[in-house]
Amino acid sequence: METPGRPTAEEIERLLVGTPARYTRAEVAAKSGVSQELAERIWRALGFATLSDDAVAFSDADVAALGRVRTMLDSGLLDEQTVLRMTRALGRTTARLAQWQAEIMVGAMLPKDTEASDSELAAVLETAQNLLPDFEHVLVHVWRAQLAAAGTRMLALADTSDETETAKVNIAVGFADLVSFTRRARDLDERQLAALVEGFEARAADVVAAHGARLVKTLGDEVLFSAPSAGVAARIALELVEADELRIGLAYGPVLQMMGDVFGTTVNLAARLTAIARPGTIVVDAGLAAELAGQPGLDVLRIRRRPARGLGVVQPYVLRRSSS
């Protein structure tokens, strides 16, 4: 039996994309009915490099995808700027997803302490090809479910605000930061460090999701989450700090939600409060403390006022579970 050789870039693309490259930049634009300028802007928005004019790099699947873009534009349902924004969101998200999944597959299938052989690399590619239909089906299903969840959150916010979709809304945001991460990282090798970070992010994501909140982003040793109310944010923070050696800052107030991220003074304040917090404690702002007043099972204790970079002097509070 012939031993498979090391997979080439062309083989990877053929097996995973499914259709061979046939067209140049000009040809794919012409066949799809989209201007070459717009086709190139879409390609860049997806996160792919600009290729030379004579490079044959586009397939019939690319023609079909651009044809759908043309249909959306012709229908008048979306304008060009909106299409590019949606495309950029798609490109950024799927690039991170693909990289993450590839790393998981490689880490699970290849030897950890020796160089992988050509046949082992070929086996990874074959497994990916076999799993691709199931992954694709699950991906579309989860995307639809997440879209429904996002729509539900936006509807709930619309019920409490007459402002537009890009207006600031009052929500809670929190930063959870691993204590002594730099010191701990020095004592770990690359694999142990990756396990530490992934374990922390996984636990944080599970807790946030279980409470119906949203993990906005992860920053290695820190996660940023948002919650629809101060009470939900408080319960998340208490559960997180009991599971890991963390410091957490929470703030409640107007937040601009855009591009899947959150912005504004409230977010900055939560970050500053995280820096103030001692290991194993949760520090909250006056707005969140007021929202929690009288809620059973929670104690909010005022501590001395502190300067917060860029925000002046703030009045922080420490959040704890009630002892009674």
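See the structure shown above.
Cut-offs used in this document
- Residues numbered from 1 in each chain as written.
- Predicted model: local features only at pLDDT ≥ 70, side-chain atom pairs only at ≥ 80, totals over all residues.
- Heavy atoms only, no water.
- Pairing = 2+ DSSP bridges.
- Helix = DSSP H or I, 4+ residues; strand = E, 2+ residues; numbered from the N terminus.
- Core = buried A, V, L, I, M, F, W, Y, C linked by side-chain atoms within 4.5 Å.
- Buried < 20%, exposed > 50% of the residue type's maximum accessible area, 1.4 Å probe, protein only.
- Axes fitted to C-alpha atoms, helices over the stretch in contact; angles between N-to-C directions.
- Parallel < 35°, antiparallel > 145°, perpendicular 65-115°, else oblique.
- Contact = heavy atoms within 4.5 Å.
- Nonpolar A, V, L, I, M, F, W, Y, C, P; charged D, E, K, R; others polar.
- Phe/Tyr/Trp six-rings, centres within 6.5 Å; stacked < 30°, edge-to-face > 60°.
- Left-handed = near helix turned anticlockwise from the far one by under 90°.
- Expected span 1.5 Å × (residues − 1).
- Patch = residues over 30% accessible without salt bridge, like charges linked within 9 Å, V, L, I, M, F, W, Y side chains within 5 Å.
- Areas by Shrake-Rupley, 256 points an atom, 1.4 Å probe, with all protein chains shown as cover.
- Salt bridge = Lys/Arg side-chain N within 4 Å of Asp/Glu carboxyl O.

**Regarding the pairing of strand β10 (residues 317–321)**
Stage number 1. Taken together, the three bridges between strand β6 (residues 282–284) and β10 define a ladder with antiparallel strand orientation. Of the residues in β10, the one forming a bridge with Ile282 is Leu319.
Stage number 2. With five bridges connecting them, strand β7 (residues 298–302) and β10 associate as antiparallel partners. Bridging across to β10, Val300 finds its partner in Leu319.

**A few points about the nonpolar core**
One broad trend across soluble globular proteins is that nonpolar side chains are buried collectively.
Stage number 1. Judged by nonpolar contacts, the single largest core of 35 residues is most densely connected at Leu240, Ile248, Leu250, Ile282, Leu288 and Leu319.
Stage number 2. Only β1 (168–178), α8 (190–210), β3 (222–227), α9 (230–243), β4 (246–258), β6, α11 (286–292) and β10 provide two or more residues apiece to this core.
Stage number 3. At nine residues, the largest contribution of residues to this core is made by α9.
Stage number 4. Counting 19 residues, the second-largest nonpolar core is a separate cluster that includes Ile171, Val255, Ala277 and Val318.

**Here's the deal with the packing of helix α2 (residues 25–32) against helix α3 (residues 36–45)**
Stage number 1. One way to put it is that α2 packs onto α3 with a least axis distance of 9 Å and a crossing angle of 110°. As judged from the angle between their axes, α2 and α3 are roughly perpendicular. For the pair α2 and α3, the contacting residues are Arg25, Ala26 and Ala29 in the first and Gln36, Ala39 and Glu40 in the second.
Stage number 2. By residue class, the composition of the contact of α2 with α3 is three nonpolar, one polar and two charged.

**Overview of the packing of aromatic side chains**
Stage number 1. Across all of its chains, the model carries two aromatic pairs by this definition.
Stage number 2. For the pair Trp43 and Phe58, a centre-to-centre distance of 4.8 Å together with 65° between the ring planes defines the contact as edge-to-face. Here Phe58 lies in the loop between α3 and α4 (60–75) and Trp43 lies in helix α3, a separation of 15 residues in the sequence. Accessibility classification places Trp43 together with Phe58 in one group, the buried group.
Stage number 3. Here the aromatic cluster, defined as three or more aromatic residues joined through ring pairs, consists of Trp43, Phe48 and Phe58.

**Brief notes about the packing of α2 against α4**
Two quantities define a packed helix pair, namely the angle between the helix axes and the distance between the axes.
Stage number 1. One can describe the packing of α2 onto α4 by two numbers: an axis separation of 8 Å at closest approach and a directional angle of 50°. Comparing their axes, α4 and α2 come out oblique. At the point where α2 passes α4, the crossing takes the right-handed sense. Taking contact as the criterion, the partners of Val28, Lys31 and Ser32 in α2 are, on α4, Asp62, Val63, Leu66, Gly67 and Arg70.
Stage number 2. Taken together, the residues of the contact of α2 with α4 sort by class into three nonpolar, two polar and three charged.

**Examining helix α10 (residues 265–276)**
Stage number 1. Under the 1.5 Å per step criterion, the end-to-end length of α10 is 16 Å for 12 residues, consistent within 8% with the ideal 16 Å.
Stage number 2. Along α10, the residues that are buried comprise Thr266, Val267, Leu269, Ala270, Leu273, Thr274 and Ile276.

**As for the environment of Gly91**
Stage number 1. With respect to the helices and strands, the residue Gly91 is situated in helix α5 (residues 80–109).
Stage number 2. A sequence separation of 44 residues divides Gly91 from Gly47, and the C-alpha atoms of the two residues are 5.7 Å apart.
Stage number 3. In this view, Gly91 contacts Ala45 and Leu46; residues no more than four positions away in its chain are not counted.

**Some remarks on a nonpolar patch on the surface**
Stage number 1. A cluster of nonpolar side chains, namely Ile12, Leu16, Val17 and Leu132, defines an oily patch on the protein surface of about 290 Å² accessible area.
Stage number 2. Looking at which element gives the most residues to the nonpolar patch, the answer is helix α1 (residues 9–17), with three residues.
Stage number 3. With respect to the helices and strands, Ile12 occurs in helix α1.
Stage number 4. Assessed through its relative accessible area of 36%, Ile12 is described here as partly exposed.

**Focus: the side chain of Asp285**
Stage number 1. By the secondary structure assignment, Asp285 is in the loop between β6 and α11.
Stage number 2. If sequence neighbours within four positions are ignored, Asp285 has contacts with Leu250, Ala251, Tyr252, Leu269, Leu273, Gln315 and Tyr317.

**Notes on α9**
Stage number 1. Taking 1.5 Å of rise per residue, 14 residues should cover 20 Å, and α9 covers 20 Å from first to last C-alpha, within 8% of that figure.
Stage number 2. Within α9, 10 of the 14 residues are buried, which leaves the element mostly enclosed by the surrounding structure.
Stage number 3. For α9, the set of buried residues is Ala230, Gly231, Val232, Ala233, Ala234, Ile236, Ala237, Leu238, Leu240 and Val241.

**Comments concerning unusual backbone geometry**
Stage number 1. One non-glycine residue, Ser180, adopts positive backbone phi at about 55°.
Stage number 2. Counting through the fold element by element, Ser180 comes out in the loop between β1 and α7 (181–186).
Stage number 3. Taking relative accessible area as the criterion, Ser180 reaches 30% and is therefore assigned partly exposed.

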